[in-house]
Amino acid sequence: MTYFANLFVKFSLTFSLALTLAIGLFVGAFALSSPALAHKVIASAYADGDAIEGEIGFSNGTMAKNVVVEVLDDSGAKLGEVTTDEEGIFRYQPTKAIALTFRADLGQGHVALYRMTEDELPQMDGASVTQQTSTPAPSVSSQDAPSSSNTAALGLSESAIASLVQQSIKAEMAALQSDLRKAVRLETKPLRKEIAAYKEKNDLQTILGGVGYIIGLFGIGFYVVARREANKVKKVAS
Amino acid sequence: MHIIDAALTNDVVMGGAVLTLAGLGLGLRKLDMDLIPAAGILSATFFVASLIHVPLGHSSVHLIMNGLAGLILGWAAFPALFVGLLLQAIFFAFGGITVLGVNAINIAGPAVIVGLLFRPFVIGASSAIKAAILGGLAGALAISLTTLFVGISLALSEESLIPAIKLVFLAHIPVMIIEGLLSAAAVYMIHTVKPELFDVMRQIDDTKDETEGWS
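The rules behind each value
- Within every chain, residues take consecutive numbers counted from 1 along the sequence as written.
- For naming, the first written chain is A and the first written ligand is 1, with later ones following in the order written.
- Totals for whole chains, interfaces and linings use all residues, but because this is a predicted model, local features are given only for residues with pLDDT of at least 70 and pairs of side-chain atoms are given and counted only at 80 or more.
- Each residue carries a pLDDT score, the predictor's confidence in it, ranging from 0 to 100.
- Runs of H or I in DSSP of at least four residues are treated as helices and runs of E of at least two as strands, each being numbered from the N terminus.
- Any two residues are considered in contact once their C-beta atoms, placed from the backbone, lie within 7 Å.
- Here an angle of 0 to 180 degrees is reported between the N-to-C directions of two axes, which are lines fitted to C-alpha atoms, with helices fitted over the stretch in contact.
- Working definition: roughly parallel below 35 degrees, roughly antiparallel above 145 degrees, roughly perpendicular at 65 to 115 degrees, and oblique for all remaining angles.
- Helix crossings fall into two classes, left-handed where the near helix is turned counterclockwise from the far one by less than a right angle and right-handed where it is turned clockwise.
- Three residue categories are used. Nonpolar comprises Ala, Val, Leu, Ile, Met, Phe, Trp, Tyr, Cys and Pro, charged comprises Asp, Glu, Lys and Arg, and polar comprises the others, including Gly.
- Put simply, a residue is buried when 20 or more other C-beta atoms lie within 10 Å of its own C-beta and exposed when 12 or fewer do; between those, it is partly exposed, and each C-beta is set from the backbone.

Q: Just checking my understanding: could you explain the confidence of the model for chain A for this structure?
A: Where the model shows low pLDDT, its predicted coordinates should not be examined in detail. Residues and elements named next belong to chain A. Across chain A, the average pLDDT comes to 72, with 65% of residues at or above 70. When the elements of chain A are averaged for pLDDT, helix H2 (residues 124–134) gives the smallest value, 45, and helix H5 (residues 204–237) the largest, 88. Note that residues 30–38 has pLDDT below 50 and, in this model, 12 contacts with residues that lie over four places away or in other chains. Counted against residues more than four places away or in other chains, residues 126–148, with its pLDDT under 50, gives 14 contacts.

Q: How should I be thinking about the packing of helix H2 (residues 36–49) of chain B against helix H4 (residues 77–92) of chain B in this particular structure?
A: Packed helix pairs are specified by the crossing angle of their axes together with the interaxial distance, meaning the distance between the axes. Residue and element names in this part refer to chain B. As a packed pair, H2 and H4 sit with axes 8 Å apart at the nearest point and diverge in direction by 40°. Between H2 and H4, the angle falls in the class oblique. The crossing of H2 and H4 is right-handed. In this structure, H2 contributes Ala39, Leu42, Ser43, Phe46 and Phe47 to the contact, and H4 contributes Ala80, Leu81, Val83, Gly84, Leu87 and Gln88. Of the residues that constitute the contact of H2 with H4, the class distribution is eight nonpolar, three polar and no charged.

Q: What is the right way to read the environment of B:Ile72 from this model?
A: All names here are of chain B. Looking at the element boundaries, isoleucine 72 is found in helix H3 (residues 66–73). The exposure class assigned to isoleucine 72 is buried, which follows from the 28 C-beta atoms found within 10 Å. With 34 residues separating them along the chain, isoleucine 72 and alanine 38 place their C-alpha atoms 7.9 Å apart. If we ignore the near neighbours within four places in the chain, the residues touching isoleucine 72 are Ala38, Leu42, Leu197 and Met201.

Shown next, in the form of structure tokens:
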């Protein structure tokens, strides 16, 4: 039995040694190379007007330039193909209101995957309908306006003026919307990058947890084997 | 070095899983009690070492230390490295659960090969220096074999073979050098400070037909 006790002491001693070594290694590495700890692929896509715009890059901030992006449906059938530009951005014009998957092969086993569900898609029907209804209306009113502008001061009803104003506001808002979207996207870009980098962070707690799991697993293995050996010894003795 | 989910075709993933199961079974049978602490340490070493990334161009490289694991554990390196890979996949989404089999083959396979090739010579080396040189060679060879395996598994799926291997291999030349030096240092240290470990290894090699491992 002293043999087992001896082994056990050895076991725990060597493990504590390994643990300190691991922590040292890790902290050292962190001090040396913290910014680019991971090299994972990040992909995202969002509705932009009636098209889908997406971004593909690596978690360290470099973007995937001139990469072919395949557009797939849920059954895996290819719907189309687009290419990213110099900033890793691609645009795709969806034709059907179904969930889409964007897949890009960046080489060396790096694959970008992003799935867009139906409710994330640009409002194709809605957008086109409002455009269709709103564009004819101002054109009608603008045709009417010159002829009635002279008489506007005289007798255009207030409700007519109000609807005219509303229509022009709507048209302007629609024109502004894409600019707004672009501005918001630009403003949140660093945030998105930071979140992506944060997700990639391997913190010390998790690493220690992993080392703990390893110790535990091998401890269990050690216990199982030791028990078996002990039983064998007992059988031989009896 | 770790291949991620969705990068490989199903056939490759399945093949990797089957081979890994076989390797695990064999490795667990060869995992003698005296080797378990060493297996745990080498597993933890691999786990931590491969989380340290050194940026290199688009991608980054990291140490693996599978050569040393194979040298000391032989077939038992398989379960040891598998545990490390499993935990990396669970905790850091590093690699991926579905490609675990392929990654295990890519990393533990070279470890076992190197172990089988170099172990007898390292154990029988007359001086610490000789053992260290052999250990260094083993460490470097394990990495180059791993890059070869990764290249092949990528090539089996999609990319053309030669550029895939070339890219991975070239990126890992510094890793080979560093791992070779580290393995050499480790073997040198074991030889001078704790030669009993080699005795344990020799015993297991000699009595492998009589002892029953745990499976």
